[in-house]
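Commentary on secondary and tertiary structure
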Amino acid sequence: MSFITNVLFGGAKESDDPTGLSGNAPADDANDPVVEGVFFPRTLYKFNGHDDERIYIAVLGKVYDCTAGRSFYGPSGPYSNFAGRDASRGLALNSFDMECVRDWDQPIDDLSDLPPKAIDAAREWQEFFEKKYPCIGTFEPEEGVNY
Amino acid sequence: MSLKYYAELAVAVIAGLLSVNFLFQKLVLDYNRDLTPVALSEQANITTVRKKNETALYRNFLVPIGFPLTTGLGLSLGYKIRNGNFMDVWKAIMDVTGAKGNYVSLPGGSAKKDTVRKYSLPEINGMANKIITDVYEKYDVNEVGLNVSAGTLPGFVISIASMIHSVRSEGGKGLLHFLAAVPRQRNEKVEVLVIDSWQAFGMLNKSEEWYKLVIVCDDDASAMKPSEVNDMSNVVTWDSVISGYTESTKFEYDPPKDNSDELKPLFNVTSMCNQVTAFNQLNLVSSVSSFIKTFPLHHELSDSDVITDIRDTFTVAKNNVQIWPKVFSVLLLGGSAQFVTASDVTLDSLAKTTLLVCEPKTLTTITNLVKESNGASPPLQGVKLSLATAFLSEGVMVKVAKIHTPQLEQLRAIYLGEELSQEARILSFASKIPSYSKGQIQSKFTTAQLNQFRAVFGARLVVELYCPFIVMGPISETNFYDYRIFSPSVDAQVTCVGPLNTSLEGKMVNIEGNPNMDVEQRQGMLCIRGFTIGRPLGDERLAQAAKLSEDVAGSEGWIPLTGVYGLWGQDGCLYIYN
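Let us look at the structure shown here. (Residues numbered from 1 in each chain as written. Chains lettered and ligands numbered in written order. Predicted model: local features only at pLDDT ≥ 70, side-chain atom pairs only at ≥ 80, totals over all residues.)

**So, the overall build of chain B**
Test applied: Only DSSP runs of H or I reaching four residues or more are called helices, and only runs of E reaching two or more are called strands; each is numbered from the N terminus. The quantity called the radius of gyration is restricted to C-alpha atoms. Its globule counterpart is 2.2 Å times the number of residues to the power 0.38. Our exposure labels follow a C-beta count within 10 Å of each residue's own C-beta, placed from the backbone: buried means 20 or more other C-beta atoms, exposed means 12 or fewer, and partly exposed covers the counts in between. Two residues qualify as being in contact provided that their C-beta atoms, derived from the backbone, are within 7 Å of each other.
A count of helical and extended segments in chain B gives 15 helices and 25 strands. In terms of C-alpha radius of gyration, chain B reaches 26 Å, essentially the compact-globule figure of 25 Å for 578 residues. Considering only C-alpha atoms, chain B reaches an extent of 105 × 60 × 50 Å along its principal axes. The burial tally for chain B puts 50% of its 578 residues in the buried class. For chain B, the share of sequence-separated contacts (at least 6 apart) that also reach a separation of at least 24 residues comes to 73%.

**Looking at the overall build of chain A**
Scanning chain A from terminus to terminus reveals five helices and five strands. Element order for chain A, N to C, with α for helix and β for strand: α-β-β-α-β-β-α-α-α-β. For 147 residues, the compact-globule estimate of 2.2 N^0.38 gives 15 Å, and the C-alpha radius of gyration of chain A, at 22 Å, exceeds that figure by more than 25%. Across its three principal axes, chain A shows a C-alpha extent of roughly 80 × 30 × 25 Å.

**Let's talk about the nonpolar core**
Inclusion rule: By our criterion, buried Ala, Val, Leu, Ile, Met, Phe, Trp, Tyr and Cys residues that link up through C-beta atoms within 7 Å make up a nonpolar core. In this document the domain limits rely on a domain assignment from an automatic tool or a database.
Ranked by internal contacts, the top residues of the largest apolar core, which has 188 residues, are I57(A), I131(B), V157(B) and V194(B). Mapping this core onto the domain boundaries places at least three of its residues in each of domain 1 (44-85 + 375-437 + 445-578) and domain 2 (92-254 + 300-350 + 360-373) of chain B. Excluding residues within four positions of it along the chain, I57(A) makes contact with Y64(A), C66(A), Y73(A), F82(A), A83(A) and A87(A).

**A short note on the interface of chain B and chain A**
Operational definition: Any residue outside Ala, Val, Leu, Ile, Met, Phe, Trp, Tyr, Cys, Pro, Asp, Glu, Lys and Arg is labelled polar, Gly included; the first ten of those are nonpolar and the last four are charged. Following DSSP output, two strands are said to pair if at least two bridges run between them.
Listed as interface residues are 38 residues of chain B and, on the opposing side, 28 residues of chain A. For the side of chain B that touches chain A, the elements supplying multiple residues, two or more each, are α1 (3-32), β1 (44-50), α11 (381-393), α13 (447-457) and α14 (488-493) of chain B. Its residues assigned to classes, the side of chain B that touches chain A comprises 16 nonpolar, 16 polar and six charged. For strand β1 (residues 34-35) of chain A and β1(B), the ladder comprises two bridges, and the chain directions are parallel. Its bridge partner being in β1(B), V34(A) is matched across the sheet by V49(B).

Shape descriptors only; they carry no functional weight alone.
The structure is reproduced here in structure tokens:
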């Protein structure tokens with residue numbers, strides 16, 4: 001009856017409150033932005049596009065939000081191995097094999113066995129990520145888990 | 001007739017009304033909405049990440065995250081894209097005007113200052129050429145101080161002449177400098193001063209000797225004219241400066257290959273508190289471009305548009321910064337522009353207007369004029385208004401309550417400029433940031449009142465937020481089709497000013513001393529960055545601004561608007577605390 005009563009009594013339909021000031025705004029926690037910060041292999045793993053819709057990838061100590069590239073990094077995408085993990089070695093060697101990524105309970109890959117050329121390739125990839133995706137934090141080892 | 005009969009009748013009537021209401025909602029309202037509720041709740045692009053003590057970054061929904069903001073006109077230079085500058089804009093305006101015959105209507109052209117006349121663009125171009133040769137080149141002028149409204153003939157023409165000459169000449173000679181008041185202290189660079197009247201001339205108090213030339217925009221035969229002026233070789237009137245000008249349809253501009261013109265200064269502006277801000281060509285073109293982009297599909301700017309800009313004469317300098325983006329946009333597409341002084345508003349002065357730019361106070365005045373023009377209220381106006389506002393609150397524009405006046409018959413949009421009131425505080429870039437206090441917006445209407453204006457004028461109404469002296473053009477503007485009404489408690493606390501302009505992006509930062517604000521609830525102090533923001537002039541102020549930016553907003557080009565508190569709605573719009 002809202003429209004007819006509004007016409008008859010001179011009222012108007014009130015829209016939902018987007019500000020949250022009136023105390024009856026709809027909750028919207030799902031889309032809350034993530035605070036930029038420190039990620040451990042354990043906390044990063046969750047963001048693999050499967051357990052969580054968002055896809056985060058670590059490259060040379062920095063974490064990028066690659067959710068926009070879901071078709072590449074998401075489940076069943078060509079680079080889905082990288083989602084939620086440290087992709088540095090894979091990018092350096094241009095390999096998408098599972099051997100190039102480590103599980104979250106392993107020490108962080110320091111790439112010390114790689115030739116300088118491969119490290120440079122990883123740096124180039126990092127520049128690409130920097131331009132394309134927002135950097136959301138750093139990737140660090142967790143005490144008691146990774147060292 | 002038994003009780004049962006009445007009960008059945010009542011049930012039947014209620015069931016009938018409910019089904020009519022249901023069908024009406026589904027068949028009429030849902031199909032006639034200008035914008036769906038989903039679109040209204042998704043008006044911004046928001047980053048998925050935020051820094052500690054800050055909200056996420058917000059942008060207009062037209063500029064996705066990761067893509068560039070609106071930077072300019074996107075002109076081609078060989079295979080490259082360039083942003084353009086004022087000269088490109090003016091050349092395009094002069095090219096278009098030959099076929100369209102559009103005009104600029106301005107007061108102050110003759111000895112009688114209130115006389116309003118239409119000037120063709122070749123006339124304005126011719127007058128500007130005359131000023132350039134007879135004043136700027138002859139006196140080799142560094143800067144031109146303008147203490148006249150750019151919405152008058154002298155102000156408009158001198159502004160155009162300066163903008164042309166400062167790009168063309170070596171070293172940016174003839175740079176425009178808008179002044180809020182007649183200078184009390186000497187600015188060595190300002191060599192020509194343009195003032196409004198002999199009365200203002202009297203207040204110069206011998207400081208006329210500082211200038212190579214003082215142009216007085218007043219009647220030469222006025223009784224107010226001091227007699228000693230006749231002996232002064234550096235004091236002339238506007239009429240004498242432009243006498244003998246010839247119309248000029250041609251305007252040539254060949255952009256340099258290195259895009260160096262795009263970084264040249266456009267003008268400087270001095271506020272009432274003597275703080276100077278510099279604007280450059282990029283500020284202008286990005287602002288023009290973002291205004292053109294605001295128009296929805298099938299309702300773009302066209303040569304049939306007439307923009308009427310109504311300004312208060314008491315706030316000359318800040319208005320002079322803001323009039324250009326909209327006026328140039330309309331002229332670029334072959335439309336016309338008219339300028340009206342707020343105190344002289346009549347319905348006839350608004351004739352043929354399609355886009356109306358005004359402040360809250362003036363909008364009330366015009367509404368009263370429209371209502372009075374019909375004498376007694378039109379029949380059933382109360383019922384029509386109630387019907388129109390009910391439809392509007394559902395998102396459907398109906399013109400049933402429009403009060404018809406021949407002058408405003410073609411009106412399609414009203415731009416209501418809301419201004420941040422503490423401009424001096426924002427301009428100071430002081431390191432101590434005050435906590436929130438009421439009165440951030442100069443004057444506001446409730447969302448229900450805005451819909452009443454939409455109903456009475458039968459036109460869209462866009463609320464814009466301005467930060468005078470710092471940002472050219474609006475910081476944000478509401479959607480053409482946003483007719484939402486908020487609850488009185490929301491209206492009492494905040495003003496919805498829509499998503500950010502496409503040339504800017506913004507975030508809120510947490511400032512200590514505001515326990516009621518929480519960045520997790522998207523509340524805090526507003527910081528902006530983008531292409532329409534001016535640069536504080538002077539090493540000390542620039543350093544102060546850079547330090548404040550670093551301390552509060554993490555540098556990276558962010559400009560904190562000191563003491564401006566607001567919040568991002570879940571719809572992506574900016575809400576400023578009242």
